[in-house]
Amino acid sequence: MKRILFFTCAFALAASVAFAGDVLKLGSMGPLTGPYAADGNDIKKGALTAIEVIKDDGGLPGFDDITLSPQDTACDPRQAVSAANKLINEEVRAVIGAYCSSATLPASEPLNEEDIIMLTPGSTNEKVTERGLPYMFRVCGRDDDQSKIAIRFMVDYLKGKTIYLVDDKTAYSQGLADNVEKGCPAAGIEVLGHDHVNQGDKDFSAVLTKVKAANPDVFYVSLQNSATGALLVIQARRMGIDAKFLAQDAVYHPQLMSIAKQAAEGMYLTFGYQDTSAPAYKKFLARYKPKYGDPGAYSAYAYDSAMSYLLAVKKAGTTDPEKVREALLSLDYEGASKRIRFKENGDSGSNYIIRVVKDGEFRNFWNPATGELY
Amino acid sequence: MEYFLQQLINGITLGGVYALIALGYTMVYGIIQLINFAHGEFFAAGGYMGVIFITWLAAQGVHPYVCMGLGLVLAMIYCALLAMAVEKLAYKPLRRASRLSVLLSALGMSIFLQNGLMLTQGVYDRPYPSELTQGGFEFGMITISYMQIVIVALTALLLVGLNLLVFRTRIGKAMRATAQDKTMSALVGINASRIISLTFAIGAGLAAAAGIMVGFYYGSVNYTMGFVPGIKAFAAAVLGGIGNITGAMIGGVIIGMVEIFAAGYLSSEYKDVFAFIILIAVLYFRPTGIMGENVDDTRV
């Protein structure tokens with residue numbers, strides 16, 4: 001009797017494993033709550049859109065269904081690691097995320113140990129791909145590239161001689177501001193000051209008074225959160241700071257205009273170039289917009305991250321991580337955000353340009369490759 | 001010198017906000033010796049209700065500045081009612097329990113209210129109609145925005161009003177009597193439950209006013225915005241001598257100034273640290289706070 005029971009159980013277990021194999025489980029990580037929730041939700045929506053598009057196109061051979069398990073990191077390193085462990089327990093094959101570099105860095109370690117591929121749509125810190133983790137991929141650009149573009153813009157176009165930097169001490173925002181600060185003297189720009197504010201701060205009057213007293217040509221705003229960026233810009237304008245405002249990709253979000261309104265006009269931002277007239281982008285938008293409204297800053301990157309993985313699985317014909325990794329490295333995919341070709345270290349290259357806020361929307365402004373206006 | 005004056009103005013504005021929140025802490029502590037950790041959430045709820053009412057009124061075609069004033073009053077009333085409900089639900093049943101139970105109930109309420117705000121209002125920042133509050137005066141290098149003047153003026157006005165209420169009216173007398181001795185005041189015919197409920201309502205109304213002004217001043221509100229100012233206002237209340245209204249006011253302004261000057265002259269990274277260094281120093285050297293010596297006469 002016992003033996004029969006044992007075999008029945010074993011069979012049931014084997015059967016469930018076999019059936020589970022028919023569902024491709026993906027995970028996503030990002031801040032779904034807290035001050036960065038806007039970007040985290042964009043990542044979730046982008047990944048879901050990729051799954052829907054693949055299903056529309058006939059799905060993946062050998063899989064009945066593709067599911068996404070979205071996890072909240074709150075941009076907190078500890079919560080990110082527990083989210084990663086949760087995804088490991090759920091036996092996902094790949095993870096789209098996370099957003100904050102400070103969350104991606106610790107979370108990627110356990111994922112890599114379990115041979116789970118991680119594709120980040122938003123973590124730009126250099127260290128993400130420079131630790132030699134074989135299953136770590138990045139779809140967005142890198143901070144060192146972004147800071148170079150920022151400096152080139154200040155020198156070539158703004159003709160700025162002095163700069164004041166403010167960051168909010170995250171691995172990403174401070175790393176980027178430090179890179180800009182380091183690069184400035186060689187470019188002939190004098191650094192008048194570099195201040196740090198706290199995450200979640202709302203009152204910047206003290207720091208802004210310092211900036212006003214220093215009177216820089218360029219005010220470099222490196223904050224992790226677009227809403228905070230909006231608050232800073234409103235207060236800076238009210239205080240009468242007439243420097244050129246240069247911000248970066250985390251400040252880039254439609255939220256910036258909805259909060260700062262008139263105050264955001266004329267602000268420059270470094271962000272990846274997006275060809276919104278490309279068929280790949282239109283395909284993404286057609287599926288995304290009716291369901292979730294206008295895409296956020298990282299929606300297209302998240303879509304491309306999930307898409308890259310799904311296409312690689314299709315190409316490899318298996319979810320075996322080593323084979324999918326090879327497929328990813330040989331992938332040449334025209335994505336919604338850019339053309340994606342991964343390098344050996346997992347990077348996909350940067351394509352930063354300068355954008356400007358004009359009439360309440362982001363416009364392409366300056367092309368660093370040619371030094372010309374769009 | 002100009003730099004100093006500008007930072008002074010920034011400090012007074014921020015101090016005014018902390019002072020308004022601190023009043024609620026100090027009044028509730030004065031009357032039932034409870035540190036109401038959910039108080040910061042009334043501030044956040046006030047900010048949200050303000051923008052909700054103002055947008056709604058504007059949609060009815062009301063003049064923008066009337067919207068602002070009416071929105072302020074409506075949000076204050078809403079938060080006062082919310083605070084009375086919270087008091088009934090989370091604190092009144094525990095009136096005879098140990099202080100620790102009530103404190104834990106307050107912490108639980110804070111988390112509950114914050115998450116309630118997140119679930120009903122969403123995780124995104126809610127923008128304020130900032131075009132109404134642009135502009136200000138300029139004196140050479142110094143700028144004073146209209147909003148800074150409004151914050152300081154409204155804070156002063158509410159403080160005077162509160163002082164009149166507490167020291168010049170029958171209700172105020174009843175509040176002071178209840179604070180001194182609940183049993184005795186009940187014996188002479190004061191309804192202690194109603195007075196306690198009223199104290200919560202007034203404190204939350206003031207916090208709501210602070211929330212709206214912060215919304216206008218900074219441009220947006222967020223569901224997490226209550227926590228840090230709540231803790232700082234608590235530090236302000238302790239600094240001024242918890243239970244004392246004027247003390248809370250002075251404490252709030254001091255905490256605001258210290259924060260701004262620490263950020264302006266030392267480093268903005270450590271500005272939050274200084275508020276708490278003060279808190280620790282006060283507890284260590286003068287546990288009763290600045291206005292502590294006459295706490296029995298004037299506490300609410």
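Up top you'll find the structure we're talking about.
All values derive from a computational prediction rather than experimental measurement.

1. Some thoughts on helix 6 (residues 171–183) of chain A
All names here are of chain A.
Logical step 1: Here helix 6 is 13 residues long and its end C-alpha atoms lie 18 Å apart, about the 18 Å a rise of 1.5 Å per residue gives.
Logical step 2: Every buried residue belonging to helix 6 is among Tyr172, Ser173, Leu176, Ala177, Asn179 and Val180, and all of these are buried. An end-on view of helix 6 places all buried positions within 155 degrees of arc, on one side of the element.

2. A few points about the state of the cysteines
All names here are of chain A.
Logical step 1: Scanning the model with the defined rule gives one disulfide over all chains in all.
Logical step 2: The disulfide bridge from Cys75 ends at Cys100, spanning 1.7 Å between sulfur atoms. Residues Cys75 and Cys100 share a disulfide whose torsion about the S-S bond is about 75 degrees; that sign makes it right-handed. With a gap of 25 residues between them, Cys75 in the loop between strand 2 (65–72) and helix 3 (77–89) and Cys100 in the loop between strand 3 (94–96) and helix 4 (101–113) connect regions that are remote in the sequence.

3. Considerations on the interface of chain A and chain B
Logical step 1: If you look at the interface, chain A gives 33 residues, while chain B gives 34 residues.
Logical step 2: At the boundary of chain A with chain B, total buried surface from both sides reaches about 2900 Å², with 52% on carbon and sulfur atoms.
Logical step 3: A per-residue breakdown of the area chain A buries against chain B is headed by Lys202, Asp203 and Arg238 of chain A, which together make up 24% of the total.
Logical step 4: For the pair chain A and chain B, the number of links is one salt bridge.
Logical step 5: Asp201 of chain A is paired through a salt bridge with Lys271 of chain B; the nearest N and O atoms lie 3.1 Å apart.
Logical step 6: At the boundary of chain A with chain B, the tally comes to 17 residue pairs in polar contact (both at pLDDT 80 or more).

4. Details of the pattern of salt bridges
Residues and elements named next belong to chain A.
Logical step 1: Across all of its chains, the model carries 24 salt bridges over all chains by this definition.
Logical step 2: The partner of Arg142 in a salt bridge is Glu130, and the shortest N-O contact between them spans 2.8 Å. Pair noted here: Arg142 is in the loop between strand 5 (136–138) and helix 5 (143–158) and Glu130 is in the loop between strand 4 (117–120) and strand 5, with a separation of 12 residues, a long-range link.
Logical step 3: For Glu130, a relative accessible area of 52% gives the class exposed.
Logical step 4: Measuring nitrogen to oxygen at the nearest pair gives 3.6 Å for the salt bridge that ties Arg363 to Asp359.
Logical step 5: For Arg363, a relative accessible area of 30% translates into the label partly exposed.
Logical step 6: Each of Glu130, Arg138, Arg142, Asp144 and Asp347 takes part in salt bridges that share partners, so that together they form one network.

5. A few points about the sheet that holds strand 1 (residues 23–30) of chain A
Residues and elements named next belong to chain A.
Logical step 1: Sheet architecture is open: five strands sit in the order 2-1-3-4-5, paired in parallel fashion. Where the open sheet ends on each side, the last strands, each with one partner, are strand 2 and strand 5. The mean inter-strand angle of the sheet, taken between neighbouring strand axes irrespective of direction, is 25 degrees.
Logical step 2: With three bridges connecting them, strand 3 and strand 4 associate as parallel partners. Directly across from Ile96, in strand 4, lies its bridge partner Leu119.
Logical step 3: Packed onto the sheet, helix 2 (residues 37–56) meets strand 1, strand 2 and strand 3 and runs at close to 175 degrees relative to strand 2.
Logical step 4: Against the sheet, helix 12 (residues 321–329) engages strand 4 and strand 5, with an angle of about 35 degrees to strand 4.

Parameters at a glance
Residues numbered from 1 in each chain as written. Chains lettered and ligands numbered in written order. Predicted model: local features only at pLDDT ≥ 70, side-chain atom pairs only at ≥ 80, totals over all residues. Heavy atoms only, no water. Helix = DSSP H or I, 4+ residues; strand = E, 2+ residues; numbered from the N terminus. Expected span 1.5 Å × (residues − 1). Buried < 20%, exposed > 50% of the residue type's maximum accessible area, 1.4 Å probe, protein only. Arc of directions from axis to C-beta. Disulfide = S-S within 2.5 Å. Contact = heavy atoms within 4.5 Å. Buried area = accessible area lost by both parts, 1.4 Å probe. Salt bridge = Lys/Arg side-chain N within 4 Å of Asp/Glu carboxyl O. Polar contact = N/O pair within 3.5 Å; in protein donor to acceptor, adjacent residues only side chain to side chain. Pairing = 2+ DSSP bridges. Axes fitted to C-alpha atoms, helices over the stretch in contact; angles between N-to-C directions.

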